[in-house]
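One letter stands for each residue in the lines below.
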Amino acid sequence: MTVEAGAERTDDAVPLTEVVTMRLEGRVALVTGAGSPDGIGYATARRLVELGARVAIVSTTRRIHERATELGATGFVADLTEEAEVGALADAVVDHLGDVEVLVNNAGLASRASPEVLRPVAELTYDEWRAEIDRNLSTAFLCSRAFIGGMAERGWGRIVNLAATTGPVNAFPTEAAYAAAKAGVVGLTRALAMEMIADGVTVNAVAPGTIYTAASTVAELRKGMGTPVGRPGAPDEVAAAVAFLCAPAASYITGQLLVVDGGNSVREAQFR
């Protein structure tokens, strides 16, 4: 609805305070893949706590409970590639905190414990392919499916999926499975955004470029130094983008991909 200057607001107008606020008081948020204190998931959870949300975090190991204590959040352990475990997680989060209104699908990004498969397609096994797709794409599907019904019933929700520049924007040799999965995340984001648009639920994706985390290799950091900004990004810089898309202020943004890569995907030439 368009409101012209000087026009009186009608009863069905959206309150301006609801539109512009960045605060998330009273909202329950779930951030997946938040086990590393130096990772994007942890930084995002911290941002959401600062915005007033009651935050649940999940990873595949019990170290998540340490992260939860540090953040003032609630930690859960689950393998999000397993349909039954996602269902059990959804029930547990609702029982402990209430209905989830903000979902950040960060699980899937490579870590030292679960490294990305780097192999040419000709040498890639089917099991390796499926593992990469499950970790990076199926997790987002299963978690989204578990919570969208409740969001639709309440008429409000935010889903932010972590994609990557690899796949949606560019690609590198030996990363076909990862690129395919992250491109699939964008496709899932856009399709789900259109399915949920009438229910007050926005669905967006954030695509980090080279980000300096504990899992970063020397080669990745060197690549980050070659960006137009001249350095790799920080998890907090990605978390800021994610948090904005989670806020009421982002109510008119859905089905979009926000690239956070220091301008690397924009420049015309790459210099090595």
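Worth saying up front: this structure is predicted, and the values here are computed from it rather than measured. (Residues numbered from 1 in each chain as written. Predicted model: local features only at pLDDT ≥ 70, side-chain atom pairs only at ≥ 80, totals over all residues. Heavy atoms only, no water.)

### Some remarks on the overall build of the protein
Step number 1: Within the protein, the regular secondary structure consists of 8 helices and 7 strands.
Step number 2: Sequence separation of 24 or more characterises 72% of the internal contacts of the protein that already satisfy a separation of 6 or more.
Step number 3: A total accessible area of about 13,500 Å² is found for the protein, and carbon and sulfur atoms account for 55% of it. (Helix = DSSP H or I, 4+ residues; strand = E, 2+ residues; numbered from the N terminus. Contact = heavy atoms within 4.5 Å. Areas by Shrake-Rupley, 256 points an atom, 1.4 Å probe, with all protein chains shown as cover.)

### Examining the sheet that holds strand β7 (residues 257-260)
Step number 1: The sheet built from 7 strands is open, its strands ordered β3-β2-β1-β4-β5-β6-β7 with parallel pairing. Two strands bound the open sheet, and with one partner strand each, they are β3 (74-77) and β7. Going from strand to strand, the sheet's axes swing by 20° on average, the running direction of each strand aside.
Step number 2: Relative to strand β4 (residues 102-105), strand β1 (residues 28-32) is paired through 3 bridges, and the arrangement is parallel. What sits directly across from Leu 30, in β4, is Leu 103.
Step number 3: Against the sheet, helix α2 (residues 40-50) makes contact with β1, β2 (54-59), β4, β5 (157-162) and β6 (201-208), and its axis sits at roughly 170° relative to β1, the strand it touches most. (Pairing = 2+ DSSP bridges. Axes fitted to C-alpha atoms, helices over the stretch in contact; angles between N-to-C directions.)

### With respect to the packing of α2 against helix α8 (residues 235-246)
Step number 1: Packing of α2 against α8 brings their axes to within 8 Å, and their N-to-C directions diverge by 50°. Comparing their axes, α8 and α2 come out oblique. Note on packing geometry: the crossing formed by α2 with α8 is right-handed. In contact with Ile 40, Ala 43, Thr 44, Arg 46, Arg 47 and Leu 48 of α2, α8 contributes Pro 235, Asp 236, Val 238, Ala 239, Ala 240, Val 242, Ala 243 and Cys 246.
Step number 2: Here the residues of the contact of α2 with α8 sort into 10 nonpolar, 1 polar and 3 charged. (Parallel < 35°, antiparallel > 145°, perpendicular 65-115°, else oblique. Left-handed = near helix turned anticlockwise from the far one by under 90°. Nonpolar A, V, L, I, M, F, W, Y, C, P; charged D, E, K, R; others polar.)

### Overview of the packing of α2 against helix α3 (residues 64-71)
Step number 1: It is at 10 Å that the axes of α2 and α3 come closest, and there the two elements cross at 30°. Helix-helix and strand crossings are classified by hand; for α2 and α3 the assignment is right-handed. Together, Tyr 42, Ala 45, Arg 46 and Val 49 of α2 and Arg 67, Glu 70 and Leu 71 of α3 make up the contact between the two elements.
Step number 2: Its residues assigned to classes, the contact of α2 with α3 shows 4 nonpolar, no polar and 3 charged.

### A few points about the pairing of β5
The two faces of the sheet receive side chains in turn, since in a regular strand these alternate between them.
Step number 1: Within β5, 6 of the 6 residues are buried, leaving the element largely enclosed by the surrounding structure.
Step number 2: The alternating pattern of β5 places Gly 157, Ile 159 and Asn 161 on one face and Arg 158, Val 160 and Leu 162 on the opposite face, and all of these are buried.
Step number 3: Pairing analysis gives 4 bridges linking β4 to β5, with the strands arranged parallel. Bridge pairing links Leu 103 to Ile 159 in β5.
Step number 4: One ladder, built from 6 bridges, connects β5 with β6; its direction is parallel. Across the sheet, residue Gly 157 finds its bridge partner in β6, namely Val 201.
Step number 5: For the crossover from β5 across helix α6 (residues 176-196) to β6, the handedness is right-handed. (Buried < 20%, exposed > 50% of the residue type's maximum accessible area, 1.4 Å probe, protein only. Right-handed = clockwise from strand over helix to strand, strands pointing away.)

### Digging into the pairing of β3
Step number 1: Alignment of β2 against β3, held across 4 bridges, turns out to be parallel. Counterpart to Ile 57 in the pairing with β3 is Gly 75.

### Here we look at the packing of aromatic side chains
Step number 1: What the rule picks out here adds up to 0 aromatic pairs.
Step number 2: It is Arg 27 that lies over the ring of Trp 156; its NZ or CZ is 3.7 Å from the centre.
Step number 3: The residue whose ring lies beneath Lys 223 is Phe 172, and the NZ or CZ to ring-centre distance is 4.4 Å. (Phe/Tyr/Trp six-rings, centres within 6.5 Å; stacked < 30°, edge-to-face > 60°. Lys NZ or Arg CZ within 6 Å of the ring centre and 35° of its normal.)

### Structural notes on unusual backbone geometry
Step number 1: Positive phi, close to 75°, is recorded for Thr 174, a residue that is not glycine.
Step number 2: With respect to the secondary-structure elements, Thr 174 resides in the loop between β5 and α6.

### Looking at the confidence of the model for the protein
Step number 1: When pLDDT is averaged across the protein, the result is 91; 88% of the residues are at 70 or more.
Step number 2: Across residues 1-11 the pLDDT falls below 50, and counting only partners more than four positions away or on other chains, this stretch makes 6 contacts in the model. (pLDDT = per-residue confidence, 0-100.)

### Focus: the side chain of Thr 139
Step number 1: Along the chain, Thr 139 turns up in helix α5 (residues 126-154).
Step number 2: Beyond its immediate sequence surroundings of up to four residues, Thr 139 is in contact with Leu 80, Thr 81, Asn 105, Ala 107 and Asp 134.

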